[in-house]
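Residue strings, one per chain:
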Amino acid sequence: MQRADRIVAIGLILVSLGVAWKATELPVGILPKEGPGGGFLPFWLSLGIAVVSLLVLIQSLVSSRRDKSSVVDAGVFMSREGLGDLMRVGLPGMIMILLIGVISVYFSAALFIFYCLFLVGGHNLKTSLGVSVGVPVVVYYIFEKFLIIPLPKGYAEFLFYWN
């Protein structure tokens with residue numbers, strides 16, 4: 001497992017540093033009378049991911065030196081049950097991403113959240129419906145109304161211009 005931790009940590013460090021470098025093509029700082037530049041969020045988020053990944057890498061290296069005497073199942077990266085859990089959430093997650101261009105990010109997120117809460121998580125219907133409707137509504141108002149950043153709406157775009 002430590003080997004997998006190291007591989008993923010190194011991969012994330014490389015990708016996040018690449019994103020940070022690419023984000024510097026846009027203004028990264030706070031612009032006077034405008035607020036944060038276009039590269040502000042990607043730059044700082046990717047640096048944060050790089051720092052956390054570096055901490056995971058260091059933790060993996062330190063714990064392997066400390067636990068040299070007790071090697072625990074170094075052969076299997078993921079159990080059959082873990083792979084099943086990953087597919088139970090990962091495959092619908094990929095379907096959600098594919099549906100964004102068709103039924104909008106809001107409706108696809110609502111369906112995915114409902115699936116995860118009700119079918120996978122076993123929460124009651126009232127809670128699952130409330131959260132799966134509430135989260136996309138809050139995200140809509142934050143992005144579309146407050147930040148004025150349009151998110152993909154696909155073929156359902158006409159439903160968002162009723163006011």
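In the block above lies the structure referred to throughout.
It should be emphasised that the depicted structure is a prediction, and the values quoted were computed from it without experimental measurement.

K.L.:
Would you explain the pattern of salt bridges in this entry?
P.N.:
Pairs may arise between side chains of opposite charge once their charged atoms sit close together. This structure, assessed with the given rule, holds three salt bridges. Between Arg88 and Asp85 there is a salt bridge, and its shortest N-O distance comes to 3.2 Å. Residue Arg88 and its partner Asp85 are located together in helix α3 (residues 80-120), separated by three residues, close to a single helical turn. Notably, a salt bridge pairs Lys153 with Glu144, separated by 3.0 Å at the nearest N-O pair. The same class applies to Lys153 as to Glu144, namely buried.

K.L.:
Would you mind going over the layout of surface pockets with me for this structure?
P.N.:
Which parts of space are left empty comes out when a probe the size of a water molecule is rolled across the atoms. In this model, the second largest pocket occupies a volume close to 280 Å³. If you trace the second largest pocket, you find 12 residues lining it, with Tyr106, Phe107, Pro136, Val137 and Phe160 closest to the centre. Mapped onto the lining of the second largest pocket, the elements with two or more residues apiece are α3 and α4 (125-146). Among the elements that make up the lining of the second largest pocket, the one with the highest residue count is α4 (six residues).

K.L.:
Hey, could you run me through unusual backbone geometry in this one?
P.N.:
Glycine aside, residues mostly have negative phi angles, and peptide bonds mostly take the trans form. In this structure, Ser104 takes a positive phi of about 90 degrees despite not being glycine. Position of Ser104 relative to the elements: it lies in helix α3.

K.L.:
When you look at α3 in this model, what are you seeing that I'm missing?
P.N.:
Every α-helix carries 3.6 residues per turn, so stepping three or four residues along brings you back to the same face. Over its 41 residues, α3 runs only 17 Å from end to end, short of the ideal 60 Å by more than 12%, given 1.5 Å per residue. Of all the bends in α3, the greatest, near 130 degrees, is centred on Ile103. Residues Pro92, Gly93, Met96, Ile100, Ser104, Tyr106, Ser108, Ala109, Ala110 and Ile113 constitute the buried set of α3. Considering only its buried residues, α3 is in contact with α4. One or two residues past the end of α3 sits Gly122, with phi positive at roughly 75 degrees.

K.L.:
Looking at this structure, how should I read α4?
P.N.:
Helix length check: α4, at 22 residues, gives a terminal C-alpha distance of 30 Å against a target of 32 Å (1.5 Å per residue), a fit within 8%. Among the residues of α4, those classed as buried are Ser128, Ser132, Pro136, Tyr140 and Glu144. All buried residues of α4 lie within an arc of 85 degrees about the axis, which places them on one face of the element. In α4, the exposed residues that point more than 90 degrees away from the buried face are Lys126 and Phe146. Looking at the buried residues of α4, the elements they touch are α3. The residue sitting at the N-terminus of α4 and contributing the capping side-chain oxygen is Asn124; that oxygen lies 3.3 Å from the backbone nitrogen of Lys126. Ile148 lies just past α4 and shows a positive phi near 55 degrees.

K.L.:
Please clarify how the environment of Asn124 should be interpreted in this entry.
P.N.:
Inspection of the secondary structure puts Asn124 in the loop between α3 and α4. Here the alpha-carbon distance between Asn124 and Glu157, two residues 33 residues apart in the chain, equals 31 Å. Reaching out from Asn124, the side chain makes a polar contact with the backbone nitrogen of Thr127 at a distance of 2.7 Å.

K.L.:
How should I be thinking about the packing of α3 against α4 in this particular structure?
P.N.:
Axes are the key here: two packed helices are described by the angle between their axes and the distance separating the axes. Interhelical geometry of α3 versus α4 gives an angle of 150 degrees and a closest axis separation of 9 Å. The orientation of α3 with respect to α4, classified from their angle, is roughly antiparallel. Regarding α3 and α4, the two cross each other, and that crossing is right-handed. Contacts from Tyr106, Ala110, Ile113, Phe114, Leu117 and Phe118 in α3 reach Leu125, Ser128, Leu129, Val131, Ser132, Val135, Pro136, Val139, Tyr140 and Glu144 in α4. Residue composition of the contact of α3 with α4, grouped by class: 13 nonpolar, two polar and one charged.

Cut-offs used in this document
Residues numbered from 1 in each chain as written. Predicted model: local features only at pLDDT ≥ 70, side-chain atom pairs only at ≥ 80, totals over all residues. Heavy atoms only, no water. Salt bridge = Lys/Arg side-chain N within 4 Å of Asp/Glu carboxyl O. Helix = DSSP H or I, 4+ residues; strand = E, 2+ residues; numbered from the N terminus. Buried < 20%, exposed > 50% of the residue type's maximum accessible area, 1.4 Å probe, protein only. 1 Å grid on protein atoms, 1.4 Å probe; cavity = no way out; pocket = protein on both sides within 12 Å on 5 of 7 lines; lining within 4 Å. Points joined across faces, edges and corners; volume = space filled by probe spheres on them. Expected span 1.5 Å × (residues − 1). Bend = angle between axes of the 7 residues up to and from the residue. Contact = heavy atoms within 4.5 Å. Arc of directions from axis to C-beta. Polar contact = N/O pair within 3.5 Å; in protein donor to acceptor, adjacent residues only side chain to side chain. Axes fitted to C-alpha atoms, helices over the stretch in contact; angles between N-to-C directions. Parallel < 35°, antiparallel > 145°, perpendicular 65-115°, else oblique. Left-handed = near helix turned anticlockwise from the far one by under 90°. Nonpolar A, V, L, I, M, F, W, Y, C, P; charged D, E, K, R; others polar.

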